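What follows is the residue order along each chain.
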Amino acid sequence: MRVEPQAQARLRKLGAEYRPGERLANWTSLSVGGTTDMLVVEDVRGLPELVGWLRAEGLPWRLLGGGTNLLVPEGEVPYLVLQLSSRQAGVRFDGTRVEVDAAADLGRTVTECARRNLGGMEGLIGVPGTVGGALRMNAGAYGTEISQFVQSVSLFQAARGEIVRLPMSQVSFQYRHSSFAPEDILLGCELQLPERPYEEIRAAIRMCNEKRRASQPLNEKSAGCIFKNPPGGSAGRMIDELGLKGYRRGGAVVSERHANFFVNRHQATADDFFALMEDVQGRVRQSFGVELENEVILWGNGA
Ligand code: EPU
């Protein structure tokens with residue numbers, strides 16, 4: 001989506017860095033996605049006015065986090081993309097309480113906490129993406145989910161048009177799911193972490209990294225696990241049992257290392273990934289009677 005020069009000037013005044021014609025493939029871990037104008041929000045306090053203005057002008061938008069769990073269509077997409085600037089994003093400590101900005105990198109957050117002898121999140125070390133994305137998806141790995149440590153979440157609540165802080169009593173998290181409204185913009189959270197000796201945390205981090213390296217295609221372009229695990233089952237094991245490792249549609253390939261990872265090996269397009277997902281879903285349905293649900297977030301072609 002392209003915005004008129006006049007509107008661009010207004011958006012800059014509202015505190016957004018304006019980046020016309022960005023290739024979204026450069027912003028996603030799958031290296032897939034078309035183009036649109038992008039707004040990088042430097043000061044989140046301006047969000048109510050900025051989002052209010054976009055709504056009044058009828059300009060649709062979507063929020064991009066780390067782009068690590070996202071499949072974007074090709075061509076000119078019919079919405080603007082907002083991203084919170086990571087320039088000032090960080091982690092602030094107050095004893096065992098930690099305030100983290102949504103745009104902070106999750107892995108870096110885990111290691112910064114470890115340096116302060118704060119553990120618990122070791123399992124999340126190799127999960128790529130931002131803290132905001134991890135909150136939205138309730139990211140998890142090796143028996144740990146980020147929600148276990150969250151005390152409160154600050155967000156731009158679209159329904160109220162305000163920045164609010166919600167205690168855990170007003171938020172719910174399930175497996176790879178949170179209760180935030182789709183148009184809410186998560187701004188940060190407060191975590192409470194257990195104190196542990198640094199060496200112990202480091203050893204746990206190392207173990208998780210090794211397990212991940214042994215079982216996941218970390219050197220290839222992917223969006224992590226493409227499907228959620230069905231209750232009591234494993235999407236990866238089912239796809240593997242069907243002999244689909246290495247199966248491809250265009251440039252999108254089922255990883256030989258982990259069958260629930262689909263990798264971009266030959267300049268795949270979004271349609272290659274859509275086709276591969278549908279195909280694999282159909283085969284799992286036919287053979288196991290199980291409907292695999294997407295874990296990857298799909299951005300459509302509609303506003
Ligand atoms: N398996 C196979 N073949 C495969 C892949 C897995 O037989 O190709 C088997 C494994 O041998 C194991 C079982 O399936 O017995 C489960 O596999 P794994 O331990 O790799 O875990 P997963 O359920 O496939 C989940 C998360 C991962 C997370 C790992 C580690 C989901 C959808 N996936 O994978 O998260 O890293 O556990 O805790 O919940 C993600 O969310 O994007 C993600 C990668």
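This text goes with the structure placed above it.
Residues numbered from 1 in each chain as written. Predicted model: local features only at pLDDT ≥ 70, side-chain atom pairs only at ≥ 80, totals over all residues. Heavy atoms only, no water.

Caption draft 1: Broad picture of the sheet that holds strand 14 (residues 185-192). The strand order across the open sheet formed by five strands is 6-7-14-10-11, and the pairing between neighbours is antiparallel. The open sheet is flanked by strand 6 (91-94) and strand 11 (162-167), the only strands paired with a single partner. Averaged over neighbouring strand pairs, the angle between their axes works out to 15° when direction is ignored. Both strand 6 and strand 7 (residues 97-101) contribute to a ladder of four bridges, which runs antiparallel. Looking across to strand 7, one finds that Val91 is bridged to Val100. The strands touched by helix 3 (residues 106-115) are strand 6 and strand 7; relative to strand 6, the strand with the most contacts, the crossing angle is about 30°. (Pairing = 2+ DSSP bridges. Helix = DSSP H or I, 4+ residues; strand = E, 2+ residues; numbered from the N terminus. Axes fitted to C-alpha atoms, helices over the stretch in contact; angles between N-to-C directions. Contact = heavy atoms within 4.5 Å.)

Caption draft 2: Region of interest: helix 7 (residues 270-288). The terminal C-alpha atoms of helix 7, which comprises 19 residues, lie 27 Å apart, in line with the 27 Å expected from a rise of 1.5 Å per residue. Structurally, helix 7 contributes buried residues whose contacts are with strand 4 (70-71), helix 6 (235-241), strand 15 (248-249), strand 16 (252-254), strand 17 (262-264) and strand 18 (297-298). Count one or two residues on from helix 7 and you reach Gly289, which has phi positive near 65°. (Expected span 1.5 Å × (residues − 1).)

Caption draft 3: Representation of the nonpolar core within the structure. Val98, Met121, Leu135, Val153, Leu191 and Leu193 are the most contacted members of the largest nonpolar core, which has 35 residues in total. For this core, the elements supplying multiple residues, two or more each, are strand 7, helix 3, helix 4 (131-137), strand 10 (150-157), strand 11, strand 14 and helix 5 (198-215). In terms of residue count, helix 3 provides more of this core than any other element does, four residues in total. Once residues within four sequence positions are removed from consideration, Val153 is found in contact with Leu135, Val164, Arg165, Leu166, Phe180, Leu186, Gly188 and Cys189. One finds Leu14, Leu50, Leu59 and Ile185 within the second-largest nonpolar core, a separate group that totals 24 residues. (Core = buried A, V, L, I, M, F, W, Y, C linked by side-chain atoms within 4.5 Å. Buried < 20%, exposed > 50% of the residue type's maximum accessible area, 1.4 Å probe, protein only.)

Caption draft 4: Spatial organisation of the site of the ligand. Near the ligand, the surroundings consist of 20 residues, among which Tyr142, Tyr175, Cys225, Asn229 and Asp240 are the closest. In this structure, an oxygen atom belonging to the ligand sits 2.8 Å away from a side-chain N or O atom of Glu295. Here the ligand loses 73% of its free accessible area of 810 Å² to cover by the protein chains. Here the shell around the ligand gets three residues from one element, more than from any other, and that element is helix 6. Both domains that furnish three or more residues to the shell around the ligand are identified here as domain 2 (91-199) and domain 3 (217-298). (Near = heavy atom within 4 Å. Polar contact = N/O pair within 3.5 Å; in protein donor to acceptor, adjacent residues only side chain to side chain. Areas by Shrake-Rupley, 256 points an atom, 1.4 Å probe, with all protein chains shown as cover. Domains from an automatic or database assignment.)

Caption draft 5: Broad picture of helix 1 (residues 5-13). Turning to helix 1, its buried residues are Ala7, Gln8 and Leu11. Summarising the axial view, the buried residues of helix 1 lie within an arc of 105°, below the 170-degree limit, and thus occupy one face. Counted as exposed and oriented over 90 degrees from the buried face of helix 1: Pro5, Gln6 and Lys13. Once helix 1 ends, the next one or two residues include Gly15, with phi positive near 95°. (Arc of directions from axis to C-beta.)

Caption draft 6: Focus on the packing of aromatic side chains. For the structure on display, the rule yields three aromatic pairs. Taking 5.8 Å as the distance between ring centres and 90° as the angle between the ring planes, the aromatic pair formed by Tyr79 and Trp299 counts as edge-to-face. Placement of Tyr79 in the loop between strand 4 and strand 5 (80-84) and of Trp299 in the segment after strand 18 is noted, with a sequence separation of 220 residues between them. Both residues of the pair, Tyr79 and Trp299, count as buried. For the ring pair Phe173 and Phe180, a centre distance of 6.1 Å and an interplane angle of 75° mean the geometry is edge-to-face. (Phe/Tyr/Trp six-rings, centres within 6.5 Å; stacked < 30°, edge-to-face > 60°.)

By themselves, these figures tell us nothing about what the structure is for.
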